[in-house]
Amino acid sequence: MHSRFPFRRIDKTIRRSNDQTIKRVAIVAALAAMVATGCDKEARLNSNLEETQANLIVAALLDAGISAHKSPGDEGAWNVSVAESRFAEAANLLDRKGLPRRAFNGVGEVFKKSGMVSSPSEERIRFMDALAQDLARTISGIDGVLDARVHIVLPENDPFARNALPSSAAVALRARWDADLTDYIPSIKGLVKNAIEGLVFEKISVTVFQDPPPQKR
């Protein structure tokens, strides 16, 4: 009977030692995490975003192995933050991907009712701007297009003049480095032509600016 007691004491000693070892490991891990967090502070990368835009940005960063998260901002907007040490890398990545997408004001936003009376010339300019933004928003949705700008010229012709000036449009596209938009250009011209009264194909120009390929590290 008495011979078992030493083994019990040894067993308790071993278990106590194991528990202490586990606690030490846990403390060391917690301290390491605190030190890592303290050394690599977070920096706000984007702010005042729609939630859809914030989700796209976070997804793109996570796919690239860059830790990021979104947080609520002012008036329903969202912010995206990353570690300070990877801020430049994250910003360059989003620039290559054309994120966040440019905000467009369509006809509905530009022509909101107000108590002020606009002149015919002002209404014409506002209409051209709204139409250009609507077209740019549609074209920006094409795969490989990072950004689009549409410039429209609608001459204010005299209805009694013999020689009326034709309408014209210029489309500038920023393309992803690996995207070939050649096959889309006729469709883009057709879209612009059908959206602008009196416009013909010959008066529509489409210029593509290709992004350079990302630099290898």
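Residues numbered from 1 in each chain as written. Predicted model: local features only at pLDDT ≥ 70, side-chain atom pairs only at ≥ 80, totals over all residues. Heavy atoms only, no water.

Undergrad: Let's hear about the overall build of the protein chain: which residues, and what values?
TA: Assigned secondary structure in the protein chain consists of six helices and six strands. When the elements of the protein chain are put in sequence order from the N terminus, they spell out α-β-α-β-β-α-α-α-β-β-α-β. Relative to its full complement of 217 residues, the protein chain shows a buried share of 28%. In the protein chain, the proportion of contacts linking residues at least 24 apart, taken out of those at least 6 apart, comes to 64%. Summing over all exposed atoms, the protein chain offers an accessible surface of approximately 15200 Å²; the carbon and sulfur share of this is 55%. (Helix = DSSP H or I, 4+ residues; strand = E, 2+ residues; numbered from the N terminus. Buried < 20%, exposed > 50% of the residue type's maximum accessible area, 1.4 Å probe, protein only. Contact = heavy atoms within 4.5 Å. Areas by Shrake-Rupley, 256 points an atom, 1.4 Å probe, with all protein chains shown as cover.)

Undergrad: Can you lay out the nonpolar core for me, pointing to particular residues and giving the numbers?
TA: The biggest cluster of nonpolar side chains holds 24 residues, and the ones touching the most others in it are Ile139, Val150, Ile152, Val171, Leu173, Val192 and Ile196. Counting residues per element, this core draws most heavily on helix α5 (residues 120-140), which supplies six residues. Ile152 has contacts with Met128, Leu131, Ala132, Leu135, Ser168, Ala169 and Ile196, leaving out every residue within four places of it along the chain. Core analysis: the next-biggest nonpolar cluster, separate from the first, contains 16 residues, Ala60, Ala68, Trp78 and Leu94 among them. (Core = buried A, V, L, I, M, F, W, Y, C linked by side-chain atoms within 4.5 Å.)

Undergrad: How would you explain the packing of helix α2 (residues 51-63) against helix α3 (residues 87-97) if you had to name every residue and give the values?
TA: For any two helices packed against each other, one specifies the crossing angle of their axes together with the interaxial distance. One way to put it is that α2 packs onto α3 with a least axis distance of 10 Å and a crossing angle of 115 degrees. With respect to α3, the element α2 is oriented roughly perpendicular. Crossing handedness for the pair α2 and α3: right-handed. Packed against α2, whose contacting residues are Ile57, Ala60 and Leu61, the element α3 presents Ala90, Leu93, Leu94 and Lys97 at the interface. For the contact of α2 with α3, a count of residues per class yields six nonpolar, no polar and one charged. (Axes fitted to C-alpha atoms, helices over the stretch in contact; angles between N-to-C directions. Parallel < 35°, antiparallel > 145°, perpendicular 65-115°, else oblique. Left-handed = near helix turned anticlockwise from the far one by under 90°. Nonpolar A, V, L, I, M, F, W, Y, C, P; charged D, E, K, R; others polar.)

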